[in-house]
Amino acid sequence: MTQQPISSPVTDTIVARILVADDDPRLLSSLSSLLEQQGYLVTSALGGREACRQLNTGTFDLAMLDLRMPELDGFEVMAHAAKVQPKCGIIVVSGESSFSSVSRALRKGAQDYIKKPFDPDEMLTTLEAVLGKQSLVRAHTDVQQRLEKSEALHRYIVNNSPDIVFMLDDQGRFCFINSKIESLLGYNSEELNGKHFRHLLDEQDIARGTHPLRDPSVTPENPRTFEVKLKTRGSQKANRYFEITAFPVDHGTLPLGADFNARNSDSKARFYGTARDVTERKEAEAFINFQAYHDLLTRLPNRALFTDRLSLAITQASRSKQKLAVMFLDLDRFKVVNDTLGHAMGDVLLQVVTQRLENCLRKGDTLSRFGGDEFTLLLPAINSSNDARRIAKKLIDALKAPFQLGEHEVFVGVSIGISLYPEAGTSMDQLIQNADIAMYHVKARGKDGYRFYSESMNIDTVNRLSLERDLRQALENNELRVYYQPQVCAKSGRIVGLEALVRWQHPDRGLLYPKDFLPLAEETKLIVALSEQVLAQACRHVKGWILDGNRDLRLAVNMSPIQVEHPRFVENLIRQLKNEEFPPSHLEIEITENVIMNDLKQISQKLQQLADHGVRIAIDDFGTGYSSLNYLHQLPIHTLKVDQSFIRGIGNGEDDACIVNAIVAMAHGLRLDIIAEGVETDAQLVYLRGLGCQQIQGFLYGPAQSPEAISRMLDGQRVRAVV
């Protein structure tokens, strides 16, 4: 165990431990006594062998040795001390005075040489000098060790810092960089030594990274902090963002050893600093910013970003006297896909629709998702309305092709309203609102088209809002009335069917016809509730007439596209028939060809389910849509209703009569019933009878009439049958 020097209780100074070795007992005792009187801790060793034993067991600051000793002489003891206690000082006290002996002793490590016999004062002076020198050596060694530890700690902290630590010379070249550069950017710190730090800067950030260090106002108290993008080595990893803090080096206050690891000895450090990797923070900020201004599903700008760009475009258009266009796009039949196939497929459809729409746009245009299946489009710097018209047509054409969603092939269209700056408004809100109004007018006229906003639409919009409010109240207050137009057998003149037609008994405007409010009901999705009320009333009326003896009477009801496209259309209809206890075989639903062709596969399945329940299917306005023999053959259709526009041409020498001939012949070939709509004259009736048309409907037998009037007609029919 190492022994430490002991403090004197009197002087509180360190007491030296001294080993005295001599083969003369008298001299050994005299020297030991002298040293002890001076306060030293003395250990006596009689001979060299005993001296070596003491060196093995104790710790000494100084050893005073005679050179001539039996068994082991002073040189051998010195050699042993150098091995076991190298810090122990040596003073030779010997009668040998030859130059060779003195020289040899000093070479072997002795600090001084005292010749016997010695003068006590001289000996003590020499002893104090050697001990003082030993103390200085120990202090120097201790400081050196502490410096080495401090430097090692410094190296450890710098090289294990989570940040890149660097030093630059006055030219901006690296004169030190820690090893963190390798794990973060892939560079070896040695290869960057002497290179300018701009070699690490991303090309777009060279000016941003070099300018702060040229600022004369930078001081240790006022460092420069800036963010730049640094290049990674090779192309495997993306460049990363760093926050750099750079301090100027004040060489007047630079601590000794501060440049211990500056590898370029010819360079003098001008700046030192750190580079902290902030890539994750920057990416998080970018993502948050993206979320704030984009729709995450389609990656399109959202409402906030669109309005910001529109505001800027209006300012530029006003300054340069140019036009711009705002389009409001609403997908047709999207809700059907979403309800039928689920929201996941609906999301996929929105993404694919977005891709098609983007392919139609110019570089500076902004397509935005406004919400749901609504989009807005900004066309800045256009020359005329023809530019907007051309884009609108491209957008409509782009969505005409079917979309493949897994195993399903679906069709969607788009209704587009367009407002032009400055004709349709000079403010952001005006342009968006007026484009929205124009889009609703497209919806009201059959969807899948475009219209430009005009002043007259605004008046219609005011009326529309008022009418919508009244229509909602009408549903609550049971203001809807069902009128019936007879469907008459062409041969017997008997009423075989009744087409239910809705009327609205408005408290202020009087009796309103379907054209006055049904388009609005379609737009506002009130058509479903309206149709359910109409069907409920019609079922109750017709069921009563059937029970009164009109056993073959059939109820014909028009079905809205929204109803038919609803995923639970069949379920809802059959449930309502059961609730009203109305026999399905007495119901005939009328749908248009366009509704069928929007999604032939889905609609055919629904119609087959209804046919399986006994419900009859009629194609309304036949001849005005697709008129495809293929779908007629595939679907469970019972009746074709010839559109009244063709009936009017009968007897006038027009080609429409030829179309009627073809339709009737085709229906006979397919074994379908025929109902001719809009029959108004006896000549038309005779012609249709001659063709073999089974049923007639039109003003020849009267317009749609109230339930009371129909009851009288059916009662009269029964009376005539009895007579």
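Scroll up for the structure.
Rules of the game
Residues numbered from 1 in each chain as written. Predicted model: local features only at pLDDT ≥ 70, side-chain atom pairs only at ≥ 80, totals over all residues. Heavy atoms only, no water. Helix = DSSP H or I, 4+ residues; strand = E, 2+ residues; numbered from the N terminus. Buried < 20%, exposed > 50% of the residue type's maximum accessible area, 1.4 Å probe, protein only. Contact = heavy atoms within 4.5 Å. Arc of directions from axis to C-beta. Phe/Tyr/Trp six-rings, centres within 6.5 Å; stacked < 30°, edge-to-face > 60°. Lys NZ or Arg CZ within 6 Å of the ring centre and 35° of its normal. Core = buried A, V, L, I, M, F, W, Y, C linked by side-chain atoms within 4.5 Å.

*Asks:* Break down unusual backbone geometry for me, with residues and values.
*Replies:* For the bond from Lys116 to Pro117, the omega torsion is -15 degrees, close enough to zero to count as cis. With respect to the helices and strands, the residue Pro117 is situated in the loop between β7 (112-115) and α5 (120-159). For the peptide bond that leads from Tyr421 to Pro422, omega is 5 degrees, which places it in the cis range. As for its position among the elements, Pro422 is in the loop between β18 (413-421) and α14 (428-444). Here Arg333, not a glycine, exhibits a phi torsion of approximately 70 degrees, which is positive. By secondary structure assignment, the location of Arg333 is in the loop between β13 (323-332) and α11 (334-341).

*Asks:* Summarise helix α4 (residues 99-107); cite the residues concerned and give the values.
*Replies:* Within the span of α4, buried status applies to Ser101, Val102, Ser103 and Ala105. Of the surrounding secondary structure, the elements contacted by the buried residues of α4 are α3 (74-84), β6 (89-94) and β7. Following α4 by one or two positions, Gly109 has its phi on the positive side, about 120 degrees.

*Asks:* Kindly report on helix α25 (residues 682-691), identifying the contributing residues and their values.
*Replies:* Where α25 is concerned, the buried positions are Gln684, Leu685 and Leu688. Each buried residue of α25 sits inside an arc of 100 degrees when the element is viewed along its axis, so together they form one side. Residues Asp682, Ala683, Val686 and Gly690 are exposed on α25 and point more than 90 degrees away from its buried face. Among the residues trailing α25, Gly692 stands out with phi positive, at a value near 95 degrees.

*Asks:* Summarise the packing of aromatic side chains; cite the residues concerned and give the values.
*Replies:* Overall, the coordinates contain seven aromatic pairs when judged by the stated rule. On the numbers, 5.5 Å between centres and 85 degrees between planes, the contact of Trp504 with Phe517 is edge-to-face. Remark: Phe517 occurs in helix α16 (residues 514-523) and Trp504 occurs in strand β21 (residues 495-506); sequence separation between them is 13 residues. Here Trp504 matches Phe517 in class, with each residue buried. Three or more aromatic residues link up through ring pairs in this structure, and these residues are Phe306, Phe328 and Phe370. Its guanidinium or amino end placed over the ring of Phe271, Arg270 lies 4.6 Å from that ring's centre, counting from NZ or CZ. Taking NZ or CZ as reference, Arg303 lies 4.0 Å from the ring centre of Phe370, over its face.

*Asks:* Describe the nonpolar core, and please don't skip the residues or the numbers.
*Replies:* In summary, soluble globular proteins display a tendency toward joint burial of nonpolar side chains. Counting residues in each nonpolar core, the largest one holds 76 residues, and the members touching the most others are Tyr484, Leu530, Leu555, Leu587, Ile589 and Leu640. Top contributing element to this core by residue count: helix α17 (residues 527-547), with nine residues. If sequence neighbours within four positions are ignored, Leu555 has contacts with Tyr484, Leu498, Ala500, Leu535, Ala538, Cys539, Val542, Phe582, His586, Leu587 and Glu588. The next biggest cluster of nonpolar side chains, apart from the first, holds 33 residues, and it includes Ala325, Met327, Leu395 and Leu420.

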